[in-house]
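Working through the structure, step by step
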There are 2 protein chains.
Amino acid sequence: MAGLTVVNGIHREEHLRSSDFITDVVIGMSDGLTVPFALAAGLSGAVQSNGVVITAGIAEIVAGSIAMGLGGYLAGKTEQEHYQSELKREYDEVEDIPEEEKMEVKRVFAQYGINEHTQNIIADDLAKDKNKWVDFMMKYELGLEKPDADRAKKSAATIGLSYIIGGLIPLSAYFFTNTPYHGLLISALLTVICLFLFGYFKSKVTGQPPLKGAFKVTLIGITAAAAAYLVAKSFNNLF
Amino acid sequence: MAGLTVVNGIHREEHLRSSDFITDVVIGMSDGLTVPFALAAGLSGAVQSNGVVITAGIAEIVAGSIAMGLGGYLAGKTEQEHYQSELKREYDEVEDIPEEEKMEVKRVFAQYGINEHTQNIIADDLAKDKNKWVDFMMKYELGLEKPDADRAKKSAATIGLSYIIGGLIPLSAYFFTNTPYHGLLISALLTVICLFLFGYFKSKVTGQPPLKGAFKVTLIGITAAAAAYLVAKSFNNLF
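Let me begin by describing the structure that accompanies this report.

Cut-off values and rules
- Residues numbered from 1 in each chain as written.
- Chains lettered and ligands numbered in written order.
- Predicted model: local features only at pLDDT ≥ 70, side-chain atom pairs only at ≥ 80, totals over all residues.
- Heavy atoms only, no water.
- Least-squares fit on C-alpha atoms with pLDDT ≥ 70 in both.
- Contact = heavy atoms within 4.5 Å.
- Helix = DSSP H or I, 4+ residues; strand = E, 2+ residues; numbered from the N terminus.
- Expected span 1.5 Å × (residues − 1).
- Bend = angle between axes of the 7 residues up to and from the residue.
- 1 Å grid on protein atoms, 1.4 Å probe; cavity = no way out; pocket = protein on both sides within 12 Å on 5 of 7 lines; lining within 4 Å.
- Points joined across faces, edges and corners; volume = space filled by probe spheres on them.
- Patch = residues over 30% accessible without salt bridge, like charges linked within 9 Å, V, L, I, M, F, W, Y side chains within 5 Å.
- Areas by Shrake-Rupley, 256 points an atom, 1.4 Å probe, with all protein chains shown as cover.
- Salt bridge = Lys/Arg side-chain N within 4 Å of Asp/Glu carboxyl O.
- Buried < 20%, exposed > 50% of the residue type's maximum accessible area, 1.4 Å probe, protein only.
- Buried area = accessible area lost by both parts, 1.4 Å probe.
- Polar contact = N/O pair within 3.5 Å; in protein donor to acceptor, adjacent residues only side chain to side chain.
- Nonpolar A, V, L, I, M, F, W, Y, C, P; charged D, E, K, R; others polar.

**Brief notes about the relation of the copies chain B and chain A**
With an RMSD of 0.0 Å, the operation that places chain B on chain A is a rotation of 180° combined with a shift of 0.0 Å along the axis. The transformation just described matches what one would write down for a two-fold rotation axis. Looking at the interface residues of chain B, 100% of them are also at the interface in chain A, so both copies use one shared face.

What follows is the structure, encoded as structure tokens:
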């Protein structure tokens, strides 16, 4: 076990997940590479002009990046409000029904086979400092982490921008070709390479087996594009 | 504080988040109502035939539901593999470097102002049962919850299906109208009502202020659609 021979600080670091920024890039680019690619592929089987594919692709990238970015921003704000209201509630409870809250602390430890004597010591010790007691309840009873106030804004911008960059890659092929058929060929080639590289990199930073991850990500993109192509083609024949 | 007057069991329940199923429906439908609506709106300003809007909309719904559903499934599988590999690692560490792991337990409690004497009691108590010790480390040192084995499959199906249902609502307006202009009017009316109701319901089940939540969700949809419309219209003028 290589990880065990290193010093304590580094040993702990290795357990940590990748940074929030990387996570946001992965979220945005993952969908950005997949959905606009599959939409353009689907339309390629159904329309005669690259202009329509590009217009639809651009509309999708705008819609998707706003839905993901603004959606992520508002979700982040909601998470902060939720944390604040639960925090107020825990402070009220620690004030109004301290014995009940001590029982909840003991319950957390009872499930790990800690005996009642030790449970009492922990509960009494925690109760000495109300701020730390509430901190403990927020994290270990409710499982809530304090959200970073700036995170919602940064997260929204990163996810939205990554979606746009990811989406422009498959779409770019339709700018430089004359028919949707040729556009699709180049777009598929380009996107499969990018999905594979992206899947590899994504798995690396999240600590997964990189080749397996690369195949998974590529599989999602190809499946979505093939299904969109087949369904759009048969739907178009109905009109 | 109404919540404090009830008995213990119910008091605890109120803190809990909504079920996994509801969460998945919300994830799928939230994007399903927004992105296909915005894409169709964007194309309405740029093309002359409802057939193109419908074909693009269907392609988007297929692509989006597969990307979200299959993406969610594979993410769930990855989460399980990650949990298993970290679990094995913790078991190895508890076996190979028990003193180091005891230090990590004490560190968890040190940050809550628990004194060293109590820290030692807890660490020694936990160390008596290796399974519970590892359980504790997984949850409180690493913040990892044991993933439900069936959840990935169920989650994928629920998210994908909710995306399809959500996406067909805005698109349905183009089936029953003759021009993209009329389709857009009906689609916008229908979707704004659905977004508002959906936002209200979503906020109710997640314990947020429902009216505020309804306005937020509706705002995202309208912003995405308006931006897609403007960008697609100006892009289309270039071709």
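**Quick notes on the environment of F201 of chain B**
Considering the arrangement of structural elements, one finds F201 of chain B in helix α8 (residues 180-205). Remark: the alpha-carbon pair of F201 of chain B and A214 of chain B, spanning 13 residues in sequence, is separated by 8.0 Å.

**Focus: helix α8 (residues 151-175) of chain A**
Look at α8 of chain A: 36 Å from first C-alpha to last across 25 residues, which is about the 36 Å you get at 1.5 Å a residue. At I169 of chain A, α8 of chain A shows its strongest bend, of approximately 40°, with the proline P170 of chain A following within four residues.

**Comments concerning empty space enclosed by the protein**
Under the criterion given, the structure shown has 1 cavity of 30 Å³ or more. As a volume, the largest cavity reaches approximately 110 Å³. D31, V35, E60, G64, M68 and Y163 of chain A together with D31, V35, E60, G64, M68 and Y163 of chain B together form the lining of the largest cavity. Sorting the residues of the lining of the largest cavity by element identifies α3 (20-44) and α4 (50-96) of chain A together with α2 (20-44) and α3 (50-96) of chain B as the ones contributing at least two each.

**Description of a nonpolar patch on the surface**
A cluster of nonpolar residues, L161, I164, I165 and L168 of chain A, forms a patch on the protein surface that exposes about 340 Å² of accessible area. The topology assignment puts I165 of chain A in helix α8.

**Observations regarding the pattern of salt bridges**
Under the defined criterion, the tally for this structure stands at 13 salt bridges over all chains. Here D124 of chain A makes a salt bridge to K102 of chain A, at a shortest N to O gap of 3.2 Å. One end of the pair, D124 of chain A, is in helix α6 (residues 116-126); the other, K102 of chain A, is in helix α5 (residues 98-110), and 22 residues separate them in sequence. A relative accessible area of 39% places D124 of chain A in the partly exposed class. The salt bridge involving K88 of chain B is made with D92 of chain B; its shortest N-O contact spans 2.8 Å.

**Describing the interface of chain B and chain A**
The partner chain A presents 80 residues to the 80 residues of chain B that form the contact. Taken together, both faces of the contact between chain B and chain A bury some 7,100 Å²; the carbon and sulfur share is 67%. On inspection of chain B and its partner chain A, the count reaches 3 salt bridges. Taking the shortest distance from any N to any O, the salt bridge between K212 of chain A and E81 of chain B comes out at 3.3 Å. Applying the counting criterion to the chain B and chain A interface returns 6 residue pairs in polar contact (both at pLDDT 80 or more). Elements supplying a minimum of two residues to the side of chain B that touches chain A: α1 (8-15), α2, α3, α4 (98-110), α5 (116-126), α6 (130-141) and α9 (210-237) of chain B. With 26 residues, the top contributor of residues to the side of chain B that touches chain A is α3 of chain B. For the side of chain B that touches chain A, the class distribution of residues is 39 nonpolar, 18 polar and 23 charged.

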